[in-house]
Amino acid sequence: MAKQHVQIVASVDGFERLVDEWSDLCDHAANPNPFYRPELLLPALRMGLPKGRTLAVAVRSPAGDLAGMFPFQTSRKRLSVCRPLTHLYCFLETPLVRKGFEDVALSGLAQALHRRTLPSAVLQIDGLGLNIQRHRESIRTVGLATLPTQICRRPVLRAGQRLHPSNRTVKEYSRKWRRLEEQGTLRLESVGGGQPGFYRRVNQFLDLEHGGWKARHGSSMKSAGIPRQYFEEAVIKAAHSDMWVIDSLCLDDRPIAMQLNLIERSDRTFVFGFKSAFDDRLERYSPGVVLLNEQRRRFHESSDMDLFDSCAGEGNLAVFRLWPDRLERSRYYLATNNLLGRAYLEVISRKLGSEENSDRSGQPSSLPSSMPLPQGVGIRTPSAAGPTA
């Protein structure tokens, strides 16, 4: 394989210089991730939302095309793992890899780790479909160690896989729909970015969210400070773009539940949940869950969407009940195949084993961002970094 070029992007200015190529990579990614698009990630970087040190490994093909971009964050401590970059408003950490260039991108990432141009001996890679097993040869050629770990299962809707929730669940929320209909005309409508009425729906969403429990906790997007700044930068300034769509459950033209979603369009159409809100005054009718049920029904009646990722955490029981299909999320650790790298993987493996046991006992356990190494393992300082931006 011809040699690829690897660039370490270590500043906001460096990210900004790549915007055009970065956007093109997003448009042609094997596994779309709207949360890593410049429109959403750059505002977060400028506001310092990701914790610790942030960087990205940008891999170019021999022809000079941007084949992959792997955003990471790491603790400023000396011993830490490079983890996928995330922040409060990022709900997916799949790296950006150009379709057809998976081998080139992973090989370049492996080379960067092997040559010690990164501030860690271990990388964590999360992916929805980025199958490292399929490209293990790219990793083996530079002698890296790998550790496949936990599989997370996220509620999704998929075209051609019409899995139904239990009859009891469907009847429960159909009954709540009818009870809401007794109070007026009930309908579900969607408005996309750039369409007439989108700005009005955005403002209604902000008001609806700010009128509920999120405002009381200071986390509504209309709250002063970071939430409002991020929303203005990531959503309002990009409201002309077709990457946004708002689903609204309306009672006599008044939204009682809303969900703001992101859309990725290429040869297939993917929808990702971003933020939701509902009218607290109608809580006994569960308008937010009624909206979820209608989204499920409409998805399977439509031919316009291929996948709807709820982006819901494990605590969101309603989505797990109503959307029974699951998308597996794999996690891999890549490490330098030396004493330090293998020691890291051993510590991670032990910690994950402890975490599984804790899950069975009901006691939470978490993997720290920096870890003590087994006794007798020394530290070798990485060599000078490669090209940076």
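Just so we're clear, the structure is a prediction, and the values are computed from it rather than from any experiment. (Residues numbered from 1 in each chain as written. Predicted model: local features only at pLDDT ≥ 70, side-chain atom pairs only at ≥ 80, totals over all residues. Heavy atoms only, no water.)

Engineer: Help me understand the overall build of the chain, please; the structure alone is not making it clear to me.
Structural biologist: When helices and strands are counted, the chain shows twelve helices and 14 strands. Across the 389 residues in the chain, those meeting the buried criterion constitute 56%. Relative to all contacts within the chain whose residues are 6 or more apart in sequence, the contacts with residues 24 or more apart total 75%. Working note: accessible area of the chain is about 18000 Å², and carbon and sulfur atoms make up 47% of it. (Helix = DSSP H or I, 4+ residues; strand = E, 2+ residues; numbered from the N terminus. Buried < 20%, exposed > 50% of the residue type's maximum accessible area, 1.4 Å probe, protein only. Contact = heavy atoms within 4.5 Å. Areas by Shrake-Rupley, 256 points an atom, 1.4 Å probe, with all protein chains shown as cover.)

Engineer: Help me understand the pattern of salt bridges in this model?
Structural biologist: Proximity of charged atoms lets side chains of opposite charge pair with each other. If you walk through the whole model with that rule in mind, you get 29 salt bridges. Where Glu21 meets Arg60, a salt bridge forms, and the shortest distance between an N and an O atom there is 2.5 Å. One end of the pair, Glu21, is in helix H2 (residues 19–27); the other, Arg60, is in strand S2 (residues 53–60), and 39 residues separate them in sequence. When its relative accessible area of 31% is taken as the criterion, Glu21 is described as partly exposed. The shortest N-O distance in the salt bridge between Asp24 and Arg98 comes to 3.1 Å. Residue Asp24 is located in helix H2, and its partner Arg98 is located in the loop between strand S5 (96–97) and helix H4 (102–114); the two are separated by 74 residues in the primary sequence. Residue class for Asp24 comes out partly exposed when judged on its relative accessible area of 32%. Of the residues examined, Arg98 reaches a relative accessible area of 11% and is grouped as buried. Through salt bridges with shared partners, a single network forms among Glu93, Asp126, Arg329 and Arg331. (Salt bridge = Lys/Arg side-chain N within 4 Å of Asp/Glu carboxyl O.)

Engineer: Would you mind going over helix H10 (residues 287–301) with me for this structure?
Structural biologist: Relative to the 21 Å expected for 15 residues at 1.5 Å per residue, H10 spans 21 Å between its end C-alpha atoms, a close match to the ideal helical length. Judged by how many residues are buried, H10 sits mostly within the fold: eleven of 15 residues are covered. (Expected span 1.5 Å × (residues − 1).)

Engineer: How do you make sense of the nonpolar core when you look at a structure like this?
Structural biologist: Generally speaking, nonpolar side chains in soluble globular proteins are found buried as a group. One finds Phe35, Tyr230, Trp244 and Phe274 to be the most contacted residues of the largest nonpolar core, which totals 51 residues. One finds Val97, Leu109, Val142 and Leu334 within the second-largest nonpolar core, a separate group that totals 25 residues. (Core = buried A, V, L, I, M, F, W, Y, C linked by side-chain atoms within 4.5 Å.)

Engineer: Help me understand the packing of aromatic side chains, please; the structure alone is not making it clear to me.
Structural biologist: Ring pairs (aromatic) are described by centroid distance and by the angle formed between their planes. For the coordinates displayed, the defined rule picks out eight aromatic pairs. With a centroid separation of 5.3 Å and 65° between ring planes, the pair formed by Trp244 and Phe274 is classed as edge-to-face. Remark: Phe274 occurs in strand S12 (residues 269–278) and Trp244 occurs in strand S10 (residues 244–251); sequence separation between them is 30 residues. For the residue pair Trp244 and Phe274, the accessibility class agrees, reading buried in each case. Geometrically, the ring pair formed by Phe308 and Trp323 is edge-to-face, given 5.0 Å between the ring centres and 70° between the ring planes. (Phe/Tyr/Trp six-rings, centres within 6.5 Å; stacked < 30°, edge-to-face > 60°.)

Note that every value here comes from positions in space, so none of it alone points to a role or purpose.
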